[in-house]
Every structure is written in C-alpha cells, then in structure tokens.
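Structure at a glance
Given next are the chains, with one letter for each unit.
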Amino acid sequence: MYKKILGQPRNLSPESHSLLESAMRSISQHLLYLALAFEASTSLGADVSYTFNIVNANIAPDGFSRAAVLVNGAFPGTLIQANKDDTLHIAVNNQLTDPDMKRSTSIHWHGLFQFRTASEDGPAMVNQCPISPAHSYTYDIPLNGQPGTFWYHSHLSSQYVDGLRGALVVYDPVDPHLGLYDVDDANTVITLADWYHLAAPGIQETYLQGGSGFHEPIPDCGTINGVGRYIGGPSVARPRVNVVAGQRYRFRVINTSAYSGFRFSIEGHTLTVIEVDGVNHVPYTVDGFEIFAGQRYSVVLNANKPVANYWIRAPMQLQHASDNDNLDTNNVYAVLHYSGASASEPTTQASGTVINLLQEHLLAPLENPGAPGGNSPATKTIDLQFTRSTDNNGLKWTINGIKYHSPSLPTLLNIMANGFTFESNFTTTEHTLVLNHNEIIDLVIHGSANGHVHPFHLHGHAFDVVQSMQGPPNYVNPPRRDVVGVGGSTVIIRFRADNPGPWFLHCHIDWHLEAGLAVVFAEAPTEQRTGPTSQIIKQEWLDLCPIYAALPPDQQ
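Described below are features of the structure shown in this document. What you see is a predicted model; the values in this text were computed from it and never measured. The numbers attached to residues start from 1 for each chain and follow its sequence in the written order. Where totals are concerned, whole chains, interfaces and linings use all residues; where local detail is concerned, this predicted model gives features only for residues with pLDDT of at least 70, and gives and counts side-chain atom pairs only at 80 or more. Only hydrogens and water are removed before side-chain values are computed, so all heavy atoms of the structure are retained for them.

1. Structural notes on the nonpolar core
Buried Ala, Val, Leu, Ile, Met, Phe, Trp, Tyr and Cys residues that are joined via side-chain atoms within 4.5 Å together make up what is termed a nonpolar core. Burial classes follow relative accessibility: with a 1.4 Å probe on protein chains only, a residue under 20% of its type's maximum area counts as buried, one over 50% as exposed, and anything between as partly exposed. Formed by 79 residues in total, the largest nonpolar core has its most connected members in Phe251, Phe264 and Leu336. Residues Ile54, Met125, Tyr139 and Leu143 belong to the second largest nonpolar core, which totals 44 residues.

Next up, the structure:
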C-alpha cells in the first residue's frame, strides 16, 4: 500500500521498515468496518468544521518581531467552539517552510478523552505520524458529550513553543452551573502563555547539551490573550476584557505555556471556581489561584464593583528567571474594563498579592464524586520516581531511570497492526507500560528536589487527585482533573483504565518532556483491536506514516 504512495521510506531501519509494511497490510483489512463504526459513532449533534492553515509568519506579541509557527497567522490560534454532542472536523494544512523551526506538525486536543479515536489525539509517534510539509490531515473528533475548557497545541518536539497553541471550548446547553453566570462566550476566554524571542529548536538544543548550567530556557515575557511586555521593549497596549456592571461572567482561564506557571487574580474581585480541567466542581470562592502549564479553571466573576478599570494580574512562576534580562515575571497584566469607564489603565498599584489563594485539595467534583474503588486498594499501583541527571550526552529527565524516546513507528500503529500487547513488545526507551481493561490504577508520583512544580498531564483520562501537594489523602471527593502539579512531595492520582488506547503521561514543562520526562500507558491493547471499544482507524491516518518516513530529516 505505501509503495504506491511514495516509494521506499528513507529513514526507517530495516526492522521498522518491515513493521510498517506489515502494519499497512494488516490494518487495511479492517478499514471498511472501522469506517462504518465511525459513521455510527458520530450520529448525534452537529458536524463542526474548522480549517487550520499552519504557517510561518512574523508576529510581535510583545513588540519584538520574530518568525513563528501559527494557526491561521495568529497567536493564540483560532478559537474552537462546539457543543458537547458535536463532532469536530479540523482540517490541518501544513504550509510550514522555515528551516529554523520544525516543518512537520501534529496537534493534540488537550483534555479530550478521544474514546475510540486515539488516532486523533495528536502526540507524534505515540498516536500518529506527523503531518508532513505540503500535506494535510483532518482530525475527526466526536466529543461524546464531554463539555469543558480545553486547548490545543503542537505535540511534535517543542514546536508549540513557537506559537502553535490555542483554546478549545465545548459548551453544555444544560450546564448544571448555568444559573451562576450570565455571559460565557469567546470574549470570556483568557489564555496565559510564556513567549520566547528565539526559535525553539535552537534553545532546546542548547538546553539538552547542558548550556546555561542545565537551566531551562527562560521566556522573554508572559502574555495574556497573546499580548505581553518585556524589559526595554515597547509599552504594548494591555489586552482588555470588557464587562458590564451587574452581569456575571464565566472566565475560562487556560495556561498554554511551555514552562511557566502563573498566579492569577483580578483586582477587587473574588473568583468562584466552577470547573477544573474540563470537570465541573462544587463552586468554591477564592481571591486567586496558581495555574500550571496545561491546566484550566472556569471562574465566575460578578461585575458588582464601581465602574472603573481593574488589573487582571498573572505574575509568572518559574525557576532561574534572572537568566533572561528581558523577563519581568511580575509585568503580566490585562485590564478588566467596566463599560462606561475611561480607556486608560487602572491608576491603582499593580500588585499581584493574593490573600485567599486556592488550595487544590479543597476542590470537590460536582458530579459522581469519589475515587474509583473508594478507599480500597487499587488493582495496580505504579510508583514513578523522576529525576534530572547528566551524562556524556547531556541533560536528561528520567522516570524510574528511563529517559523516554519516541519509537520509529507510532505506538498505536504497533498495537493495532503489529499486535503489540505486552511490555516486552516495546523497546526500553519507549517506556511503555501495559494496563489491563478496567483496572483501577494508582500512580504514585514521587516528588523531585529540583525546585520545580512539574505539571503532569495524562492523556485520555481525567483522574482523581487522592493525594495533592497539600492536604490529607482523600478518596471520598478528591479534585478531578487531567494536569496535576508535583513538587517536592509525593502526589497520588487514581483512574480507571476504561478508555483503551495508548496514552501519554508527561511533564507539561515542554523542555522536560523533550529531555525524556514521560511514560506511555498501553491501555487494554486487545480491546483496542477488537470489540465495542476498538479503535476507529482511517485510511488518511495510515497514509501519514509512509509520507513522513520518506521525508529528508530536515523536514521531519
């Protein structure tokens, strides 16, 4: 099959070449059945289509112009909006040409469970081969009734550092929190991000080789809704979030950073948390919250203060900020503008102090609270010890002594077509652990003493945080989310392995992922291939691999 597409792949080992040929022959026999299954699975809701032209263009979020990797020429990229029973169809056209940055691409839809559509999850060489330059791929994603605040980003190397990231919001017409807010639209989505003046591949290489004393690359500024300032740069107009007195607003706050966390608050206003990483929670009122890379919070703000302008504050949280003379970690502001107020910035001191700061362990899910299995032991407990070290090859982050390195063929393809079922089928550096269907899994993530809060993200699931960084163990109503911060203490998360697929668990500090801080869970391999939870595989997805394999290395 693949010979008819592009001839012999040039960059595969003989073993991988043989596996690819075998995979193409094997899986093509199932395409008709799977296509019919996909049609049946998308019968509810509307078809919502977007076109993403992935381009290189110059952009200046903080006044400094640089080439970037952008969705439809913008940072953040195009906002995706849909309802919970819809099916997304996102046509991605790879128009990248800049040799200083990655030219292939793949996109992860962060937080979506992808039931039966692990092929659409996005991580390169886990769930798909990348989309090659001058080629296209359409992600078809049934939302399956899953509402919430999500986002998307490139999941190929450190490409999203260069700009390929944006918000994705799935609305629920019968949201149980509807009575708490009046306004929830595109204007109430607030994205936070770090921004770099230099292209990601170069600074990644310096980091991995041990430059800057093995310190992570430090951004030049933080942004709110794509706008920031750096020391010595122009006074770029602050982004403005408009409100009308007397209205209640659902702000969807998303940290799309590659590294930095933020401490978010709005001057003079309390914030009532109602959703955490796509999961409804019991309303909980605070003055502000810490939000790590990949995390999301929906908060309700009551615009009941005197008509004026108020600071939206998001000071950055990261290590070794002084490594970059451009960065002022405190100078990350937007303006909450009441209708009728002047157009000027607030005249109050722009302080980022928060008195009543959210403590994660005090959050409780609104629906179906309680960890799977209650306080009984999990079916399987997996201890994960992670640390940073160096050797003759430079810096690495490891879990249980293994630095993750992606395979030459996607994990999903090897499971579906080459019959990979057992941990022994995978190479050591793929660090792939097999989970049995419907097992209750405890991940015991032991803290690292390197000073960071590591935001660990699990694909394909939300999990219960039965032991947070603070507070006692809780199996009755622990917070439920898909990104959890892990500092110097042990964090325990629990989930049921009820979504067959290959799912990444990784640190969402992108530099740490590139240094190896990840594992893959091959969840229920047999159930991925056959039965009611089997994966839906498209011919278009199969075609990605031979096209990508035939590329010269500088275009991969």
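2. Side note on the pattern of salt bridges
Side chains carrying opposite charge are able to pair once their charged atoms draw close together. Here a salt bridge means any side-chain nitrogen of Lys or Arg lying within 4 Å of a carboxyl oxygen belonging to Asp or Glu. Counting across every chain of the model gives 22 salt bridges. The salt bridge partner of Glu439 is Lys380, with a shortest N-O separation of 3.7 Å. Of this pair, Glu439 sits in the loop between strand S24 (432-435) and strand S25 (440-446) while Lys380 sits in strand S22 (residues 380-391); the two residues are 59 residues apart in sequence, bridging distant segments of the chain. Residue Glu439 is classed as buried on the basis of its relative accessible area, which comes to 10%. A salt bridge links Asp442 to Arg494, with the shortest nitrogen-to-oxygen separation between them at 2.6 Å. Here Arg494 lies in strand S30 (residues 491-496) and Asp442 lies in strand S25, a separation of 52 residues in the sequence. For Asp442, a relative accessible area of 8% gives the class buried. On the basis of relative accessible area, Arg494 is assigned to the buried category, the value being 1%. One network of salt bridges, in which partners are shared, links Asp175, Asp184, Arg250, Arg252 and Glu275. Put simply, DSSP H or I for four residues or longer makes a helix, DSSP E for two residues or longer makes a strand, and each gets a number counted from the N terminus.

3. So, the side chain of Ser154
Take Ser154: it is sitting in strand S7 (residues 148-154). Using a relative accessible area of 1% as the deciding quantity, one classes Ser154 as buried. Pairs of N or O atoms are called polar contacts if they sit within 3.5 Å, as long as, within protein, a hydrogen donor faces a hydrogen acceptor (for residues adjacent in sequence, only side-chain-to-side-chain pairs). A polar contact of 3.5 Å, which involves the side chain of Ser154, links it to the backbone oxygen of Ser106. Within the structure, the side chain of Ser154 is placed 3.3 Å from the backbone nitrogen of Leu156, a separation counted as a polar contact. By the convention used here, residues are in contact when the closest approach between their heavy atoms is within 4.5 Å. Residues within four places of Ser154 in sequence aside, it is in contact with Thr105, Ser106, Ile107, Gln159, Tyr160 and Leu164.

4. Notes on the environment of Thr421
Here Thr421 is to be found in the loop between helix H5 (411-417) and S24. Considered as a pair, Thr421 and Gln528 are 107 residues apart in the sequence and their alpha carbons are 10.0 Å apart. If sequence neighbours within four positions are ignored, Thr421 has contacts with Val434, Pro525, Thr526 and Arg529. In terms of polar contacts, Thr421 uses its side chain to reach the backbone carbonyl oxygen of Gly419, at 2.9 Å.

5. As for the side chain of Gln159
Its location among the elements puts Gln159 in the loop between S7 and strand S8 (165-171). At 2.8 Å, the side chain of Gln159 forms a polar contact with the backbone oxygen of Ser104. The residues contacting Gln159, other than those within four sequence positions of it, are Val69, Leu96, Lys102, Ser104, Thr105, Ser106, Ser154 and Leu164.

6. Focus: the environment of Ile203
Examined against the element boundaries, Ile203 turns out to sit in helix H4 (residues 200-208). Owing to a relative accessible area of 15%, Ile203 belongs among the buried residues under this scheme. C-alpha separation for the pair Ile203 and Ile218, spaced 15 residues apart in sequence, amounts to 9.5 Å. Other than its neighbours up to four places away in sequence, Ile203 contacts Tyr196, Leu198, Pro217 and Trp511.

7. Observations regarding the sheet that holds S30
The pairing criterion is simple: DSSP has to find at least two bridges between the two strands. As summarised here, the arrangement of the six strands in space is S23-S22-S25-S30-S27-S28, forming an open sheet in which the pairing is mixed. Looking at strand neighbours, the two that pair on one side only are strand S23 (394-399) and strand S28 (480-481), the edges of this open sheet. By the bridge criterion, two bridges tie strand S27 (residues 463-467) to S28 in an arrangement that is antiparallel. Looking at the pairing, Asp464 lines up with Arg480 of S28.

8. Some thoughts on the sheet that holds S8
Hydrogen bonding along the main chain pairs the strands of a sheet, whether they run parallel or antiparallel. Taken in spatial order, the four strands line up as S3-S8-S7-S5 in an open sheet, and their pairing is mixed. Every interior strand has two partners, whereas the edge strands, strand S3 (80-83) and strand S5 (107-110), have only one. Between one strand axis and the next, the sheet turns through 20° on average, direction left out of account. As judged from the four bridges shared by S5 and S7, these two strands associate in the antiparallel manner. Among the inter-strand pairings, Trp109 is bridged to a residue of S7, identified as Tyr152. Convention adopted: a line fitted to C-alpha atoms gives each axis, helices being fitted over their contacting stretch, and angles between N-to-C directions are expressed from 0 to 180 degrees.

9. So, the environment of His508
One can find His508 in the loop between strand S31 (501-507) and helix H6 (510-514). Distance from His508 to Asp162, taken between C-alpha atoms, is 15 Å for residues 346 residues apart in sequence. When residues no more than four places from it in sequence are discounted, the contact partners of His508 are His110, Trp151, His153, Tyr160, Ser257, Ala258, Ala293, Gly294, Pro455 and His457. Separated by 3.2 Å, the side chains of His508 and Tyr160 make a polar contact.

10. Focus: the state of the cysteines
Sulfur atoms of two cysteines make up a disulfide when they are within 2.5 Å. According to the stated counting rule, one finds one disulfide in the structure shown. A sulfur-sulfur separation of 2.1 Å characterises the disulfide bridge that pairs Cys129 with Cys545. One quick way to see it: the torsion about the S-S bond of Cys129 and Cys545 is about 95°, and its sign makes the bridge right-handed. Pair noted here: Cys129 is in the loop between S5 and strand S6 (136-142) and Cys545 is in helix H8 (residues 539-549), with a separation of 416 residues, a long-range link.

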